[in-house]
Amino acid sequence: MSPPNSGPPPLKRMIVPALFVGALFLVVFLRQPNGPEYSDQWVLTGQTMGTAFTVKIVVPSESGVSQDEVETVIRAAVDAVDSAMSTYQDDSELSRFNRHGTGPFDVSESMIEVVSEAQRVAELSAGAFDITVGPLVDAWGFGPDPVADPPAAETIAALLASGGFDKIDVDPERGTLVKADEAIRCDLSAIAKGYAVDRVARELVRLELTDFMVEIGGEVRASGRKTVSEAWRIGIERPEAGPGGLWSAVTLVDTAMATSGDYRNYYERDGVRISHTIDPRTGHPITHKLASVSVIHPSCMTADALATALSVLGPEDGRAMVEREGLAALFLIRAAGGGFEEWASDGWPSENTVRATGVEQGESE
Ligand code: ADP
Ligand code: MG
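In this text the structure is predicted, and so the values were computed from the model without any measurement.

In this section: the packing of helix α4 (residues 109–124) against helix α8 (residues 300–325). At a minimum axis separation of 10 Å, α4 and α8 run at an interaxial angle of 5 degrees. Judged by the inter-axis angle, α4 sits roughly parallel to α8. Contacts between α4 and α8 involve Glu113, Val114, Glu117, Arg120, Val121 and Leu124 from the former and Met301, Thr302, Ala305, Leu306, Ala309, Met321, Arg324 and Glu325 from the latter. Tallied by class, residues from the contact of α4 with α8 come to eight nonpolar, one polar and five charged.

The subject of this paragraph is the pairing of strand β11 (residues 266–269). Bridging between β11 and strand β12 (residues 272–275) involves four bridges; their strand directions are antiparallel. Bridged to Glu268 within β12 is Arg273. From the end of β11 to the start of β12, which pair antiparallel, there are two residues, and Asp270 there has a positive phi angle of about 50 degrees.

All of the protein donors around the magnesium ion (ligand 2) are Asp304 (O), Asp304 (OD) and Thr308 (OG1); their distances to the metal are 2.1 to 2.8 Å. Of this pair, Asp304 and Thr308 both sit in helix α8, four residues apart, which is roughly one turn of that helix.

The tally for this structure, following the rule as stated, stands at twelve salt bridges. Residues Asp79 and Arg75 are paired through a salt bridge, measuring 3.0 Å at the closest nitrogen-oxygen approach. One end of the pair is Asp79 and the other is Arg75, both in helix α2 (residues 67–85) and four residues apart, which spans about a single turn. On the basis of relative accessible area, Asp79 is assigned to the partly exposed category, the value being 35%. In this structure, the salt-bridge partner of Asp198 is Arg221, at a minimum N-O distance of 2.9 Å. Highlighted residues: Asp198 in helix α7 (residues 189–206) and Arg221 in strand β7 (residues 219–223), separated in sequence by 23 residues. The exposure class of Asp198 is buried, given its relative accessible area of 11%. Judged by its relative accessible area of 14%, Arg221 is buried.

Right, let's talk about the sheet that holds strand β3 (residues 105–106) for a bit. Across the sheet, three strands lie side by side as β3-β5-β4; this open sheet has antiparallel pairing. The open sheet has two edge strands with one neighbour each: β3 and β4 (168–171). Pairing geometry for β3 and strand β5 (residues 176–179), over two bridges, is antiparallel. Paired with Phe105 across the two strands is Leu177, which belongs to β5. Sheet strands in contact with α4 are β4 and β5, and its direction is about 130 degrees off that of β4.

What follows deals with the packing of aromatic side chains. A full pass over the atoms with the stated rule returns four aromatic pairs. Between Trp247 and Phe340 the ring centres are 6.2 Å apart and the planes differ by 90 degrees, which places this aromatic pair in the edge-to-face class. A residue pair is termed long-range when its members are at least 10 positions apart, and Trp247 in strand β9 (residues 246–252) and Phe340 in strand β17 (residues 340–344) qualify at 93 residues. A relative accessible area of 9% places Trp247 in the buried class. In this structure, Lys179 is placed above the aromatic ring of Phe97, and the distance from its NZ or CZ to the ring centre is 5.0 Å. Geometry around Tyr266 places Arg273 over its ring, the cationic atom sitting 4.2 Å from the centre.

This next bit is on the site of ligand 1. Close to ligand 1 lie 20 residues; Asp187, Lys193, Ser260, Ile278 and Thr308 are nearest. Contact distances for ligand 1 include 2.5 Å between an oxygen atom and a side-chain N or O atom of Asp187. One of the side-chain nitrogen or oxygen atoms of Thr308 is found 2.9 Å away from an oxygen atom of ligand 1. Contact with the protein chains covers 93% of the free accessible surface of ligand 1, which is 560 Å².

Topologically, Ser311 is positioned in helix α8. Filtering out sequence-adjacent residues up to four positions away, Ser311 remains in contact with Ser260, Gly261, Thr277, Ile286, His288, Leu290 and Val293.

Moving on, we come to α4. Under the 1.5 Å per step criterion, the end-to-end length of α4 is 23 Å for 16 residues, consistent within 8% with the ideal 22 Å. Looking only at α4, the buried set comprises Ser110, Met111, Ile112, Val114, Val115, Glu117, Ala118, Gln119, Val121 and Ala122. Where the residues of α4 are buried, they touch α2, α3 (93–99), β4, β5, α7 and α8. Directly beyond the C-terminal end of α4, a positive phi value near 50 degrees is found at Ala126.

Let's shift gears to the pairing of strand β16 (residues 328–334). Burial analysis of β16 places six of its seven residues in the buried class, which makes it a mostly covered element. Of the strand pairs in this sheet, β16 and β17 are connected by five bridges, and their pairing is antiparallel. Across the sheet, Ile333 pairs through a bridge with Glu341, a residue of β17. Adjacent in sequence and paired antiparallel, β16 and β17 are bridged by five residues, among which Gly338 carries a positive phi angle near 95 degrees.

Conventions adopted
Residues numbered from 1 in each chain as written. Chains lettered and ligands numbered in written order. Predicted model: local features only at pLDDT ≥ 70, side-chain atom pairs only at ≥ 80, totals over all residues. Heavy atoms only, no water. Axes fitted to C-alpha atoms, helices over the stretch in contact; angles between N-to-C directions. Helix = DSSP H or I, 4+ residues; strand = E, 2+ residues; numbered from the N terminus. Parallel < 35°, antiparallel > 145°, perpendicular 65-115°, else oblique. Contact = heavy atoms within 4.5 Å. Nonpolar A, V, L, I, M, F, W, Y, C, P; charged D, E, K, R; others polar. Pairing = 2+ DSSP bridges. Donors = N, O, S within 2.8 Å, 3.2 Å for Na, K, Ca; no water. Salt bridge = Lys/Arg side-chain N within 4 Å of Asp/Glu carboxyl O. Buried < 20%, exposed > 50% of the residue type's maximum accessible area, 1.4 Å probe, protein only. Phe/Tyr/Trp six-rings, centres within 6.5 Å; stacked < 30°, edge-to-face > 60°. Lys NZ or Arg CZ within 6 Å of the ring centre and 35° of its normal. Near = heavy atom within 4 Å. Polar contact = N/O pair within 3.5 Å; in protein donor to acceptor, adjacent residues only side chain to side chain. Areas by Shrake-Rupley, 256 points an atom, 1.4 Å probe, with all protein chains shown as cover. Expected span 1.5 Å × (residues − 1).

None of this, on its own, says anything about what the molecule does.
In structure tokens:
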């Protein structure tokens, strides 16, 4: 008989630790990525186009680029878009085109790309999206200069008469823009942020970075993965002023999402909400119950423009356009008794519309 408490024989004593070590190996082995190993995540933030940007990059351990280098490339990309498309910079390409008369005006390739896409979305939305809304945006106090009062009915009528996206002609061969009326003033604010997101992403891919998230003022693109086991999860805000928290979150893999809403950029006059999104058909800010529209699309530029177009169209006409074009869109509509009702199109990733935790954007509940 063996003495009490002497424990199992030596071989048996090894079994538990051996199993433990084996399990550890298994866990480590299973967690190995198929591609390059990830060593680090960089979070780069800054200001551009009157808003904030965040870029998160999963850095491969074999990466040949430094954080400084990446930061410089990102800064150059957003600055290039801003100095081409800002209405706040007097010497931007857009401001110079706005002051130009009716003859052909030479512009950069990026301006051709963005204005062409703006015109395509204008056609798709029957003029709900319209970059010639510039003078109306200014008149309602959402341009570079503040205004004392909302515009008078005659002012609105005159601005409507001189505007219209069909008065802008894009000539990709010659690289020119032409306006049919000298009074035309363009505003690219509803598409330039999305374009800048795509542009930053393109630069990161050029640096052979494959796993990143780029967000500028709520327009976002996610590429690759956040970690070996997780994709990027992007939050959709509850459409309320202040820290409204999150409504839901979506998983984005190699695609983009833009959100348009009337809940951030607005002021109130006599209890009426004056939104920064203008209906180019009436010359007035939108007033319907559609509080926010999110669109998922492979191009962030397109998602950005579509989200604004659908915001203008409102819950019914917007829904008709989403269905006609087969878009992936989520509408949050103000409900009669307070709160919001959600409508998601067939193309919207339904498994993703769950309450969000651990997401990349917005504040958690
Ligand atoms: P949101 O994120 O709410 O869509 P954006 O910044 O993308 O906001 O677009 C709103 C801006 O676009 C406005 O501030 C204005 O400059 C411009 N804009 C307003 N109405 C229209 C419209 N109908 N078509 C195109 N641009 C518009
Ligand atoms: Mg937009």
